[in-house]
Amino acid sequence: MYQSIFFDLDGTLTDSKEGVLECVRYAIETLGSPVPDSADLLKFIGPPLQESFMTYCGFNQDTAREALRLFRERYVPIGQFKNRPAPGAVEMMARLTAQGYVLALASSKAESQCVSICERFGFAPYLTVISGSSDQRDQSKAEVIRQAMARLGLEDPRRGLMVGDRKYDVEGARECGMDCAGVEFFGYAPPGELESAGAVAVVRTVAELEAFILQRGR
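Residues numbered from 1 in each chain as written. Predicted model: local features only at pLDDT ≥ 70, side-chain atom pairs only at ≥ 80, totals over all residues. Heavy atoms only, no water.

1. Regarding the overall build of the protein
A count of helical and extended segments in the protein gives ten helices and eight strands. Since a compact globule built from 218 residues should have a radius of gyration of about 17 Å, the 16 Å found for the protein is in line with a globular shape. The principal-axis extent of the C-alpha atoms belonging to the protein is close to 50 × 35 × 30 Å. The buried share of the protein, reckoned over its 218 residues, is 52%. Across the protein, every contact between residues at least 6 apart in sequence was considered, and the portion connecting residues at least 24 apart equals 67%. With the model as given, the accessible surface of the protein reaches about 9,200 Å², and the carbon-plus-sulfur share is 48%. Taken together, the 24 basic and 30 acidic charged side chains of the protein have centroids lying 2 Å from each other. (Helix = DSSP H or I, 4+ residues; strand = E, 2+ residues; numbered from the N terminus. Rg over C-alpha atoms; globule rule 2.2 N^0.38 Å. Buried < 20%, exposed > 50% of the residue type's maximum accessible area, 1.4 Å probe, protein only. Contact = heavy atoms within 4.5 Å. Areas by Shrake-Rupley, 256 points an atom, 1.4 Å probe, with all protein chains shown as cover. Lys, Arg positive; Asp, Glu negative; His and termini not counted. Charge placed at Lys NZ, Arg CZ, Asp CG, Glu CD.)

What follows is the structure in structure tokens.
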């Protein structure tokens, strides 16, 4: 059923909590604004950051754009390396590639950061496409999925599967006409969020994800 597998990055292939939250705090404090409480800070992991700055800090669009610039100012040299891969992810990607699946990354994170992180953790050799946001703004999940599809030449979204850890992945995939499998490797989604958003499966381990993909077949 699925030919191409599209992976999210933060909270899916890697646990980026330490680096992301450190740089979110840096951006907010630099702008002289109060830092949200711990529960709201965790919500920054996964969705487009510019949107989160507006939602959880009350920033207008211009201030949120500046917060994103400040975030990246610290994240590029420091924060992106305070990160760890999901156990077994590289090995799973190798096996899926050997089975004939085409793998891609679709993340709202800046594309240059996606590339360096995927290279650092060994994902890059298995990814035909690494699709991320432009340097100017965080793109929506639907935008980066469509961008990845275009680069792959995948015309039928029903032949693709998005894999992500938040409702934004599920909703973006649905907007593109694609299924989404939800993962709870690191537990950043509130309980029931992925199911309510319409994920076709919710798995807790890399092994469970691989089994689901192989069960659906090509």
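2. Quick look at helix 3 (residues 49–57)
The complete set of buried residues in helix 3 reads L49, Q50, S52 and F53. Looking straight down helix 3, one finds that the buried residues subtend no more than 160 degrees of arc, so they occupy a single side. Those residues of helix 3 hidden inside the fold are in contact with helix 1 (17–30) and helix 4 (61–75). Immediately downstream of helix 3, the backbone of G58 shows phi near 75 degrees, a positive value. (Arc of directions from axis to C-beta.)

3. Side note on the pairing of strand 4 (residues 102–110)
As a general feature of sheets, a regular strand has side chains that alternate between the two faces. Where burial is concerned, most of strand 4 is hidden: eight out of the nine residues are buried. Each parallel crossover has a hand, and the one from strand 4 via helix 6 (residues 111–120) to strand 5 (residues 129–133) is right-handed. (Right-handed = clockwise from strand over helix to strand, strands pointing away.)

4. A few points about the nonpolar core
By size, the foremost hydrophobic cluster in this structure holds 51 residues, and its most contacted members are F7, F53 and L209. In this view, F53 contacts V24, A27, I28, F44, G58, F59, A64, A67, L68 and F71; residues no more than four positions away in its chain are not counted. Counting residues in each nonpolar core, the second largest holds 20 residues, with A142, M162, C180 and L194 among its members. (Core = buried A, V, L, I, M, F, W, Y, C linked by side-chain atoms within 4.5 Å.)

5. Here's the deal with the environment of G177
Position of G177 relative to the elements: it lies in the loop between helix 8 (167–175) and strand 7 (179–183). Considering only alpha carbons, one finds G177 and D156, 21 residues apart in sequence, at a separation of 8.5 Å. Among residues more than four places away in sequence, those in contact with G177 are P157 and R158.

6. Some points on helix 7 (residues 141–152)
The end-to-end C-alpha distance of helix 7 is 16 Å, a good match for the 16 Å that twelve residues give at a rise of 1.5 Å each. The complete set of buried residues in helix 7 reads K141, A142, V144, I145, A148 and M149. Summarising the axial view, the buried residues of helix 7 lie within an arc of 165 degrees, below the 170-degree limit, and thus occupy one face. One or two residues past the end of helix 7 sits G153, with phi positive at roughly 80 degrees. (Expected span 1.5 Å × (residues − 1).)

7. Re the pattern of salt bridges
Overall, the coordinates contain 16 salt bridges when judged by the stated rule. Salt-bridge contacts for E193 lead to R166; the nearest nitrogen and oxygen are separated by 2.8 Å. Here E193 is found in helix 9 (residues 193–197), whereas its partner R166 is found in the loop between strand 6 (160–164) and helix 8, with 27 residues between them in sequence. Just as E193 is buried, R166 falls in that class too. Here the salt bridges share partners, and the residues they tie into one network are D8, K141 and D169. (Salt bridge = Lys/Arg side-chain N within 4 Å of Asp/Glu carboxyl O.)

8. What about the environment of A98?
Relative to the helices and strands, A98 resides in helix 5 (residues 89–98). A relative accessible area of 70% means that A98 is categorised as exposed.

Bear in mind that shape data such as this cannot, by itself, settle questions of function.
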